[in-house]
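Each chain, letter by letter, is given below.
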Amino acid sequence: MEAIKLLMLVFGSVISIAFTLHKLKLGGFSFEVKKYDHFERLQVICGSNASNNLVNLRVAFRCITTRELTPTEMEWFLYTPGAYKFLRRYGKSQRFTSIDIANNRFIWNKKLETKKLRLIELTQILAVYTSTGTLGLLCISNADSISSFLELKLLYGTYAMGILLSIISLFFLYLSLVYQDSGYLIKDKLS
């Protein structure tokens, strides 16, 4: 009897996992279909000149990216094969990348054209990340010592400062990841 219960439990688990995986796959498929529908609608709204329906296009592009695109960039993303799939990543890397429309590729911004400038930018980001993270953790872990050293009763203030510095550190960690993704975006081929 125990063997039958165990067999039913295993069989039920396998069916549950298969059903869950099937639902996840269908969900991903429906998301891709919605993305394609959105792309088609954007092409219809854009027509041959993005300036004609600029207000509608800006609102529609805001659903995908936070970056403010020019009419030329909108047309480029809609009519260059393979470009549309990079739109969200391009929006996130606003600080680091731009588009070379003539050559159909992504490039570094003017302030990051050379390797030296890119290294300086990355070093600054990582320096702020490391210093704020370290100071934040020190404030949190040694709040009692810091408050007594300063002869103040700011124990909760020290904790709050540590948490704030840690949050700033996480932002710069995210910025370093966006910088790294920007490098990959520039190396990616559109088609």
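Our subject is the structure listed above.
Since the model is a prediction, treat every value here as computed from it, not as a measurement.

Rules behind the numbers
Residues numbered from 1 in each chain as written. Predicted model: local features only at pLDDT ≥ 70, side-chain atom pairs only at ≥ 80, totals over all residues. Heavy atoms only, no water. Helix = DSSP H or I, 4+ residues; strand = E, 2+ residues; numbered from the N terminus. Buried < 20%, exposed > 50% of the residue type's maximum accessible area, 1.4 Å probe, protein only. Contact = heavy atoms within 4.5 Å. Areas by Shrake-Rupley, 256 points an atom, 1.4 Å probe, with all protein chains shown as cover. Expected span 1.5 Å × (residues − 1). Core = buried A, V, L, I, M, F, W, Y, C linked by side-chain atoms within 4.5 Å. Phe/Tyr/Trp six-rings, centres within 6.5 Å; stacked < 30°, edge-to-face > 60°. Lys NZ or Arg CZ within 6 Å of the ring centre and 35° of its normal.

Caption draft 1: View of the overall build of the protein. Across its full length, the protein holds seven helices and two strands. For the protein, the α and β elements follow one another from N to C terminus as α-α-α-α-β-β-α-α-α. Buried residues in the protein amount to 30% of all 191 residues. Long-range contacts, defined here as pairs at least 24 residues apart, represent 54% of the contacts in the protein between residues at least 6 apart. Taken as a whole, the protein presents about 13200 Å² of accessible surface, with 67% of it coming from carbon and sulfur.

Caption draft 2: Fine view of the side chain of arginine 67. Checked against the element boundaries, arginine 67 lands in the loop between α2 (54-62) and α3 (71-79). For arginine 67, the contacting residues outside a window of four places in its chain are Arg62, Tyr90, Gly91, Ser93, Gln94, Thr97 and Ser98.

Caption draft 3: Broad picture of helix α5 (residues 115-141). Between its first and last C-alpha, α5 extends 38 Å over 27 residues, near the 39 Å set by a 1.5 Å rise per residue. Within the sequence span of α5, burial applies to Arg118, Glu121, Ile125, Thr132, Gly133, Gly136 and Cys139.

Caption draft 4: Main features of the nonpolar core. By size, the foremost hydrophobic cluster in this structure holds 31 residues, and its most contacted members are Leu42, Phe61, Phe77, Phe96 and Phe106. Within the residue set of this core, elements represented by two or more residues are α1 (2-46), α2, α3, α4 (87-92), β2 (105-108) and α7 (155-187). Per element, the largest residue contribution to this core is six residues, and it comes from α7.

Caption draft 5: Quick peek at the environment of leucine 122. Relative to the assigned elements, leucine 122 resides in helix α5. With relative accessibility at 24%, the residue leucine 122 sits in the partly exposed group. Along the primary structure leucine 122 and leucine 175 are separated by 53 residues, whereas in three dimensions their C-alpha atoms are 9.3 Å apart.

Caption draft 6: A look at the packing of aromatic side chains. Counted under the stated rule, the structure contains nine aromatic pairs. Taken together, a centroid distance of 6.2 Å and an interplanar angle of 40 degrees make the contact between phenylalanine 77 and phenylalanine 106 tilted. Within this pair, whereas phenylalanine 77 is found in helix α3, its partner phenylalanine 106 is found in strand β2, the two being separated by 29 residues in sequence. Grouping residues by exposure puts phenylalanine 77 and phenylalanine 106 together as buried. Among the aromatic residues, ring-to-ring pairing joins Trp76, Phe77, Phe86, Tyr90 and Phe106 into one connected group. Its end group placed over the ring of tyrosine 90, arginine 67 keeps NZ or CZ at 3.8 Å from the ring centre.

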